[in-house]
Amino acid sequence: MCGAVSDGGVERLWAPDRLAYVQGENRPESDEAGEGCPFCRAPNVGETGVDEAGVEEAASLVVARGTHTYVVLNLYPYNPGHALVCTYRHVAAYVDLTPEETHELAALTQQTLVALTAAFAPHGFNMGMNQGSVGGAGIAAHLHQHVVPRWGGDTNFMPVVAQTKVIPQSLPDTRDALREAWPR
Ligand SMILES: [Zn+2]
C-alpha cells in the first residue's frame, strides 16, 4: 500500500492529474453541522462499503474512536497514512473545545503517531491544525488535527492544507493497517 513510497519515486507518489477531480468533491456548501459536513458524517459511514440493499457506498475510513474524538483517514491524503483527529462535535475553534475534548484530541494524536510508526515506519511527522479558511482549513467549520507521516525525499516543502494531493493507494488498506497497529 505504500509501494509508491518504498519505490522512492515522487512522480509516482503524487497524482496531480487527479487533483481536479477531488478538489471540489465533499466540500460542504455551508458551515452547518450534520450530513453536509464530512466530519460530522464520517463517524456514521458504514463499515462494509455496501449498504443494506447491497448498493455500493463509501466504506468507513475511521481508524479509531474515542468518547469525544475520533481518527479518520484523510480522503485527500498528502502522504500515505495522512490521518485527521476530529471532534464528534461540530466546532470550529480550538478555544471552544471542552477540557475533555482537548485532552482526548491530544491522546488520540499520540496514539495515531504510535500506530503510524508501527505500521509504516515514517521518518518524521507533520502535525497541526489550520483554523479558519484564511488559515488554510479546507473544512473550517469542523476542527480537525492533521497528522501527516513524512519520509525522507517525499517533498521539500509541505503546505499541509493549502494543497492536497491524491495518492493512488487503497485507503481501506491503509485504514486496516492502522487499526491493526493501533496501541491497545
Ligand atoms: Zn461537522
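Remember, it's a predicted structure, so these values are computed and weren't measured experimentally. (Residues numbered from 1 in each chain as written. Predicted model: local features only at pLDDT ≥ 70, side-chain atom pairs only at ≥ 80, totals over all residues. Heavy atoms only, no water.)

Section: the coordination of the zinc ion
Filter applied, for reference: Coordination partners: N, O, S within 2.8 Å of the metal, 3.2 Å for Na, K and Ca; water not considered, so apparent gaps in a site are possible. Here a site with four donors is tetrahedral if all angles are between 85 and 135 degrees, and a site with four or six donors is square planar or octahedral if opposite donors are over 155 degrees apart and the other angles are between 65 and 115; anything else gets the irregular label. Helix numbers and strand numbers start at the N terminus; a helix is a DSSP run of H or I with at least 4 residues, a strand a run of E with at least 2.
For the zinc ion, the full set of protein donor atoms is C37 (SG), C40 (SG), H90 (ND1) and H142 (ND1), and the range of their distances to it is 2.0 to 2.3 Å. Each of the four donor atoms bound to the zinc ion contributes to angles spanning 102 to 115 degrees, and the resulting shape is tetrahedral. Along the chain, the residues donating to the zinc ion are arranged with the sequence spacing C-x2-C-x49-H-x51-H. Residue C40 is located in helix α4 (residues 38–41), and its partner H90 is located in the loop between β3 (83–87) and α5 (99–120); the two are separated by 50 residues in the primary sequence.

Concerning unusual backbone geometry
One non-glycine residue with positive phi stands out, namely A121, at about 45 degrees. Within the secondary structure, A121 sits in the loop between α5 and β4 (124–128).

Brief notes about helix α6 (residues 171–181)
Convention followed: Whether a residue is buried, partly exposed or exposed follows from its accessible area with a 1.4 Å probe, protein chains only, as a fraction of its type maximum: under 20%, in between, or over 50%, in that order. Here the arc refers to the set of directions running from the helix axis out to each C-beta atom. Throughout, a residue-residue contact means that at least one pair of heavy atoms, one from each residue, lies within 4.5 Å. Two N or O atoms count as a polar contact when they lie within 3.5 Å, although within protein this holds only if one can serve as hydrogen donor and the other as acceptor, and sequence-adjacent residues are included solely when both atoms are side-chain atoms.
Inspection of α6 places L171, T174, R175, A177, L178 and A181 among the buried residues, and these make up the whole buried set. Along α6, the residues classed as buried sweep out an arc of 165 degrees about the axis, all on the same side. Where α6 is buried, its residues meet β1 (62–65), β2 (69–73) and α5. One side-chain oxygen of the residue at the start of α6 lies 3.1 Å from the amide nitrogen of D173, identifying that residue as S170.

A word on the pairing of strand β5 (residues 144–150)
Convention followed: The pairing criterion for strands is at least two bridges between them, as found by DSSP.
Of all seven residues in β5, seven are buried, a share of seventy percent or more. Residue alternation in β5 divides its side chains into two sets, H144, H146, V148 and R150 and Q145, V147 and P149, and both sets are buried. Both β3 and β5 contribute to a ladder of four bridges, which runs antiparallel. Note on β5: the bridge partner recorded for C86 is H144.

Section: the packing of aromatic side chains
For clarity, the cut-off: The rule is short: rings of Phe, Tyr and Trp, with Trp giving its six-membered ring, pair when the centres are within 6.5 Å, and they are stacked under 30 degrees, edge-to-face over 60, tilted in between.
Here the structure, examined in full by the defined rule, presents one aromatic pair. Arranged with centres 5.2 Å apart and planes meeting at 25 degrees, the rings of Y70 and Y88 form a pair that is stacked. Within this pair, whereas Y70 is found in strand β2, its partner Y88 is found in the loop between β3 and α5, the two being separated by 18 residues in sequence. Residue Y88 is classed as partly exposed on the basis of its relative accessible area of 28%.

Observations regarding the pattern of salt bridges
Threshold: Basic side-chain nitrogens of Lys or Arg form a salt bridge, by our definition, when they fall within 4 Å of a carboxyl oxygen of Asp or Glu.
A complete count under the given rule lists three salt bridges for this structure. With a shortest N-O distance of 3.0 Å, D176 and R175 are connected by a salt bridge. Classification of D176 by relative accessible area gives partly exposed; the value is 37%.

What to know about the packing of α5 against α6
This is how the line gets drawn: A fitted line through C-alpha atoms serves as each axis, taken over the contacting stretch for helices, and the angle formed by two N-to-C directions is quoted from 0 to 180°. Comment on the angle field: the value is read as roughly parallel under 35 degrees, roughly antiparallel over 145, roughly perpendicular from 65 to 115, and oblique elsewhere. Rotating anticlockwise by less than a right angle from the far helix to the near helix defines a left-handed crossing, while the corresponding clockwise rotation defines a right-handed one. Residues are sorted three ways: Asp, Glu, Lys and Arg are charged, Ala, Val, Leu, Ile, Met, Phe, Trp, Tyr, Cys and Pro are nonpolar, and all the rest, Gly among them, are polar.
At a minimum axis separation of 8 Å, α5 and α6 run at an interaxial angle of 110 degrees. Accordingly, the angle class assigned to the pair α5 and α6 is roughly perpendicular. Regarding α5 and α6, the two cross each other, and that crossing is right-handed. Side by side, α5 and α6 meet where A115, L116, A118, A119 and F120 of the first sit next to T174, A177, L178 and A181 of the second. Classifying every residue of the contact of α5 with α6 gives eight nonpolar, one polar and no charged.

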